[in-house]
Every structure is written in structure tokens, then in C-alpha cells.
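What follows is each chain in one-letter form.
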Amino acid sequence: MRKTLNWREFRALCEAKSQKYSREFVVINPWEPTSQVCSECGYKWGKLDLKIRSVQCLNCGTEHDRDENAAKNINKVGRGHCHDSKRTRIDRKTTSVAS
Ligand SMILES: [Zn+2]
């Protein structure tokens, strides 16, 4: 039987891989509300019911696929754009371009 990795092992594997290829490895806060904010403008609409698959931002009007939006946010958080990424302090000042 094929062994399935648990999260710990998976993380370790990722870390090892990224070290090998000297890539940046970032662990984000699992409580980061990645599906609760607009990846375009940062507006926070709060918790969504899991049934809701797409959202339209009340602030900028952008329509997002729920998962796509979350993925974009995770990417942002991982790159240190977010205010409360406590574990990884990358103080990179980035200008957010609001379109
Ligand atoms: Zn928005």
C-alpha cells in the first residue's frame, strides 16, 4: 500500500524541496481569513457559507471564484503582503496597486 503523507510530513517535504532548490518557503497562518477578503482591494466581507462558490466584492465590484480568490490571498500572505503574518516577518514594503 502506498503511504499517504500527513500534513507534517508534507510540510517537511516541501521545506526540504524548497531548500534544495533554494526557493523561499513560507508557512502561513492557518487562520488567515483568505476566503474572507477581496484579493483585489482587500475589502473584508467576512465569513462565507461554504455553499457560496463565488463572491462579488461589495467594495470594488470584482467577481471572484471563492477558491481562486482565496488562492490569490494565500499567495499574497505568503509573500508577506499581509499585516498579520506573524510567523514570517518579511518586511518588504510593497505598494498595492488598486485597479
Ligand atoms: Zn474588492
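What counts, and at which threshold
Residues numbered from 1 in each chain as written. Predicted model: local features only at pLDDT ≥ 70, side-chain atom pairs only at ≥ 80, totals over all residues. Heavy atoms only, no water. Helix = DSSP H or I, 4+ residues; strand = E, 2+ residues; numbered from the N terminus. Contact = heavy atoms within 4.5 Å. Areas by Shrake-Rupley, 256 points an atom, 1.4 Å probe, with all protein chains shown as cover. Salt bridge = Lys/Arg side-chain N within 4 Å of Asp/Glu carboxyl O. Donors = N, O, S within 2.8 Å, 3.2 Å for Na, K, Ca; no water. Tetrahedral: all angles 85-135°; square planar, octahedral: opposite > 155°, others 65-115°. Buried < 20%, exposed > 50% of the residue type's maximum accessible area, 1.4 Å probe, protein only. Phe/Tyr/Trp six-rings, centres within 6.5 Å; stacked < 30°, edge-to-face > 60°. Expected span 1.5 Å × (residues − 1). Polar contact = N/O pair within 3.5 Å; in protein donor to acceptor, adjacent residues only side chain to side chain.

Looking at an unreviewed UniProt entry, one finds the chain named Transposase, with Spirulina subsalsa FACHB-351 as its source organism.

A. Spotlight on the overall build of the chain. Tallying secondary structure elements over the chain gives 2 helices and 2 strands in all. Along its sequence from the N terminus, the chain presents helices and strands in the succession α-β-β-α. Long-range pairs, those at least 24 residues apart, make up 38% of the contacts in the chain with a sequence separation of at least 6. Split by element, the accessible area of the chain, about 8,300 Å² in all, is 52% carbon and sulfur.

B. Region of interest: the pattern of salt bridges. Per the counting criterion, the structure on display carries 1 salt bridge. Residue Asp67 is joined to Arg53 by a salt bridge in which the shortest nitrogen-to-oxygen separation is 2.6 Å. Of this pair, Asp67 sits in helix α2 (residues 66-78) while Arg53 sits in the loop between α1 (7-20) and β1 (54-56), placing them 14 residues apart in sequence.

C. Representation of the coordination of the zinc ion in the model. Coordination of the zinc ion by the protein involves Cys38 (SG), Cys41 (SG), Cys57 (SG) and Cys60 (SG), with metal-donor separations of 2.3 Å. For the zinc ion, the 4 donor atoms in the first shell make angles of 107 to 113° at the metal, a pattern classed as tetrahedral. Counting the intervening residues between successive donors of the zinc ion yields the motif C-x2-C-x15-C-x2-C. Here Cys38 is found in the loop between α1 and β1, whereas its partner Cys57 is found in the loop between β1 and β2 (63-65), with 19 residues between them in sequence. For Cys57, a relative accessible area of 3% puts it in the buried group.

D. Inspection of the side chain of Gln36 at higher detail. If you trace the backbone, Gln36 turns up in the loop between α1 and β1. Look at Gln36 and you get buried, because its relative accessible area is 15%. Not counting chain neighbours up to four residues away, the residues in contact with Gln36 comprise Tyr43, Lys44, Trp45, Gly46 and Lys47.

E. Region of the structure containing the packing of aromatic side chains. Under the definition given, this model contains 1 aromatic pair. Each ring, one from Trp7 and one from Phe10, has its centre 5.4 Å from the other, and the planes form 85°; the classification is edge-to-face. Taken as a pair, Trp7 and Phe10 lie in helix α1 at a separation of 3 residues, close to a single helical turn. Residue classification places Trp7 among the exposed positions, given a relative accessible area of 69%. For Phe10, a relative accessible area of 39% gives the class partly exposed.

F. Up close: α2. Its 13 residues place the ends of α2 18 Å apart at the C-alpha level, agreeing with the 18 Å of an ideal helix rising 1.5 Å per residue. Turning to α2, its buried residues are Arg66, Asn69, Ala70, Asn73, Val77 and Gly78. Two or three places before Asp67, at the start of α2, stands the capping residue Asp65, its side-chain oxygen 3.1 Å from that residue's backbone nitrogen.

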